[in-house]
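Residue-level structural notes
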Amino acid sequence: MRVSDEIREARAVVALETTLIAHGFPPGDGVEVGLASERAVRDAGAVPATIGVLDGEVVVGLTESELERFDATARKLGPRDVAAAVVQRALGATTVGGTLAVCRAAGIRFMGTGGLGGVHRGYPRPPDVSADLQALASTQTVVVSSGVKSLLDVPATSELLETLGVPVLGFRTDTLPLFYSAHGGPPVSARVESAGEAAALARAHWELGGGGLLVGRPPKESLDDVEPLIASALRAAETDGIRGGAVTPYVLAYLHRESGGRTLAANRELVVDNARLAGEIAAAAV
Ligand code: PSU
Ligand code: MN
């Protein structure tokens, strides 16, 4: 593992994933979103640590030119895939779960992302539950997201987070945001009003020996008419025989295309805003 000097010495560090960069946006846009997220973390008074696997190393704190290598050819790395990518010298983009596995090894306590993975619709056919959930439950890190991925079964994911003992904090909201939409999600386990309150709650949870916490931040501009598009994207994915890790990139590309770019703009904005809030919480925790 290679950790940059700046990150090693920083008091407040925010981890950022690379799957979003490589697979969550059209070519080129992902790198821009990654760099904008890093700036947002800095604006909040913390140091960004974008994480990925490159040239046989886990890199914690990719440089700008390294970040630019993360395109759609990168392997998508969940927690179980990081070691293989290192040994096989693959270009590896970490998911939330893969990033959390690295956070655990590097002692990083805060992370920003778009949406957490979770229980796929139609469970148990296929029996697809993201490794993000188990990784979050077992890592002492705060993940700031706008809820879970929009294509999931959100109520089932929320139930499973409860089962796993993961606190779900609503940032100035009583319900878990639905990624593109701020409204209509399941209730959170506690509402917080400030970054300082989220940091204090995380500290208390960790003193009790608890693991990860999710902070749900509603998107500033709520798109409340995307659900029918998501349903048709999932039908198209099924018709085209798309499975497993390929489903999210397929659905996101479908939504970006069919919404005339509205979901793309919303997605970009919420990822950067979540990175900023993660930075504020990290800064408040020191
Ligand atoms: N949310 C998005 N776009 C994404 C992801 C989440 O809006 O690309 C990625 C994250 O990296 C997340 C991963 O960790 O999808 C989960 O994938 P899976 O459901 O295959 O575990
Ligand atoms: Mn999956």
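Please read these numbers as outputs of a predicted model, since none were measured by experiment.

Conventions we followed
- Residues numbered from 1 in each chain as written.
- Chains lettered and ligands numbered in written order.
- Predicted model: local features only at pLDDT ≥ 70, side-chain atom pairs only at ≥ 80, totals over all residues.
- Heavy atoms only, no water.
- Helix = DSSP H or I, 4+ residues; strand = E, 2+ residues; numbered from the N terminus.
- Expected span 1.5 Å × (residues − 1).
- Buried < 20%, exposed > 50% of the residue type's maximum accessible area, 1.4 Å probe, protein only.
- Arc of directions from axis to C-beta.
- Contact = heavy atoms within 4.5 Å.
- Near = heavy atom within 4 Å.
- Polar contact = N/O pair within 3.5 Å; in protein donor to acceptor, adjacent residues only side chain to side chain.
- Areas by Shrake-Rupley, 256 points an atom, 1.4 Å probe, with all protein chains shown as cover.
- Nonpolar A, V, L, I, M, F, W, Y, C, P; charged D, E, K, R; others polar.

For helix H10 (residues 227-239), with 13 residues, the first-to-last C-alpha span of 19 Å sits near the 18 Å given by 1.5 Å per residue. The set of residues buried in H10 consists of Ile230, Ser232, Ala233, Ala236 and Ala237. Relative to the axis of H10, the buried residues are bounded by an arc of 165° and lie together on one face. Opposite its buried face, H10 presents the exposed residues Pro228, Arg235, Glu238 and Thr239, each directed more than 90 degrees away. Looking at the buried side of H10, the elements it contacts are helix H11 (247-258). A positive phi of about 70° marks glycine 241, the residue just after H10.

Residues in contact with ligand 1 amount to 14 residues; listed here are only the nearest, Glu17, Lys76, Val96, Ser130 and Asp132. Contact distances for ligand 1 include 2.8 Å between an oxygen atom and a side-chain N or O atom of lysine 76. Residue glycine 115 places a main-chain N or O atom 3.4 Å away from a nitrogen atom belonging to ligand 1. For ligand 1, whose unbound accessible area comes to 480 Å², protein coverage reaches 93%. Here the shell around ligand 1 is composed, by residue class, of three nonpolar, seven polar and four charged.

For the rest of this paragraph, the subject is unusual backbone geometry. Note the cis peptide between tyrosine 123 and proline 124, where omega equals 5°. By secondary structure assignment, the location of proline 124 is in the loop between strand E7 (110-112) and helix H7 (131-137). Phi at arginine 89 is positive, roughly 55°, even though this residue is not glycine. One non-glycine residue, arginine 172, adopts positive backbone phi at about 55°. Relative to the elements of secondary structure, arginine 172 occurs in the loop between strand E9 (168-171) and strand E10 (190-192).

This part covers the side chain of histidine 256. Tracing the chain through its elements places histidine 256 in helix H11. One polar contact links histidine 256 to threonine 263, side chain to side chain, over a distance of 2.9 Å. Engagement of the side chain of histidine 256 in a polar contact is seen with the backbone nitrogen of leucine 264, the distance being 3.4 Å. Not counting the four nearest positions on each side in its chain, histidine 256 is found in contact with Gly24, Pro26, Tyr180, Gly261, Thr263, Leu264 and Asn267.

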